[in-house]
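One-letter residues, chain by chain:
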Amino acid sequence: MCIDDIIETDCTNHDLNPEIPAYVSQKMPSEEQMYKLAELFKLFGDSTRVRILCALCEKDLCVCQIADTLSMTQSAISHQLKILKQGYLVKSHREGKSIIYSLADDHVRTIINQGIDHVNE
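Note that the coordinates shown come from a computational prediction; the quantities given were computed from them, not determined experimentally. (Residues numbered from 1 in each chain as written. Predicted model: local features only at pLDDT ≥ 70, side-chain atom pairs only at ≥ 80, totals over all residues. Heavy atoms only, no water.)

Some words on the pairing of strand β3 (residues 98-103)
This is how the line gets drawn: Here a strand pair is declared whenever DSSP counts at least two bridges between the two strands. Helical segments are the DSSP runs of H or I of at least four residues, strand segments are the runs of E of at least two, and each set is numbered from the N terminus.
Looking at chain direction, strand β1 (residues 61-62) and β3 are connected through two bridges and run antiparallel. Bridge assignment links Leu-61 to a residue of β3, and that residue is Tyr-101. Where strand β2 (residues 90-95) lies against β3, six bridges are found, and the strand directions are antiparallel. Counterpart to Ser-92 in the pairing with β3 is Tyr-101. What sits between β2 and β3 in their antiparallel hairpin is a turn of two residues, with Gly-96 showing a positive phi close to 65°.

Observations regarding the nonpolar core
Definition in use: Here, the term nonpolar core denotes a set of buried Ala, Val, Leu, Ile, Met, Phe, Trp, Tyr and Cys residues that are joined through side-chain atoms within 4.5 Å. Buried residues are those whose accessible area, probed at 1.4 Å on protein chains only, stays under 20% of the maximum for their type, while exposed residues exceed 50% and partly exposed ones sit between those limits. Note on contacts: a residue pair qualifies if any of its non-hydrogen atoms lie within 4.5 Å across the two residues.
Ranked by size, the top nonpolar core spans 21 residues in total, and within it Ile-52, Leu-53, Leu-56, Ile-66, Ile-77 and Leu-81 carry the most contacts. For this core, the secondary-structure elements that each account for two or more residues are α3 (47-58), α4 (63-70), α5 (74-86), β3 and α6 (106-120). With five residues, the single largest contributor to this core is α3. Residues in contact with Leu-53, not counting those within four places in the same chain, are Phe-44, Leu-84, Leu-89, Val-90, Leu-103, Val-108 and Ile-112.

Quick word on the sheet that holds β3
Sheets are built from strands paired through backbone hydrogen bonds, the pairs being either parallel or antiparallel. Applicable threshold: To get an axis, fit a line to the C-alpha atoms, keeping to the stretch in contact for a helix; angles then go from 0 to 180 degrees between the N-to-C directions.
Taken in spatial order, the three strands line up as β1-β3-β2 in an open sheet, and their pairing is antiparallel. The sheet is open, and its two edges are formed by β1 and β2, each paired on a single side. Packed onto the sheet, α3 meets β1, β2 and β3 and runs at close to 95° relative to β3. Set on the sheet, α5 makes contact with β2 and β3; between it and β2 the angle comes to about 115°.

Some points on the side chain of Gln-80
Quick note on the threshold: Here a polar contact is taken to be a pair of N or O atoms separated by no more than 3.5 Å, where protein atoms must pair a possible hydrogen donor with a possible acceptor and residues adjacent in sequence count only if both atoms sit in side chains.
Among the structural elements, Gln-80 can be located in helix α5. On the basis of relative accessibility, which here comes to 11%, the residue Gln-80 falls in the buried class. Side-chain polar atoms of Gln-80 contact the side chain of Arg-49, separated by 2.9 Å. Ignoring sequence-local partners within four residues, the contact set of Gln-80 consists of Asp-46, Thr-48, Arg-49 and Ile-52.

What to know about the packing of α3 against α6
Applied cut-off: Working definition: roughly parallel below 35 degrees, roughly antiparallel above 145 degrees, roughly perpendicular at 65 to 115 degrees, and oblique for all remaining angles. Handedness of each helix crossing follows the sense of rotation of the near helix against the far helix: counterclockwise by less than a right angle gives left-handed, clockwise gives right-handed. Residue classes follow a fixed rule: Ala, Val, Leu, Ile, Met, Phe, Trp, Tyr, Cys and Pro count as nonpolar, while Asp, Glu, Lys and Arg count as charged, and any other residue, Gly among them, counts as polar.
The interhelical angle for the contact between α3 and α6, taken along N-to-C directions, is 110°, at an axis separation of 10 Å. Between α3 and α6, the angle falls in the class roughly perpendicular. As α3 runs across α6, the sense of the crossing is left-handed. Note on element contacts: α6 touches α3 through Val-108, Arg-109, Ile-112 and Ile-116, opposite Leu-53, Cys-54, Leu-56 and Cys-57. For the contact of α3 with α6, the per-class residue count stands at seven nonpolar, no polar and one charged.

Below, the structure is given as structure tokens:
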């Protein structure tokens, strides 16, 4: 173990700059933004939803195609798509009789790709 691995819990032995906590607090997101961010990350807390998002990173798909791709029922996929739509991660449009699902925007793709990069490190 090296000295950098030790987490210091007693700040009384340090000569701390009192401006640092104020600076950090000022730079942090608002409480509302942090709440929304936590809610966003909750959506990624279900592996089925992550699998759906990964599939949609590759191609816009209908429920049947997603269900076939993930070897799941259409009902299970529809339930998760509803949650993803409510969280603004997925959008849909009609093509004839089919509803096609896609990622809501490129931010979703970036989050997925960054997450994959992170777990692969």
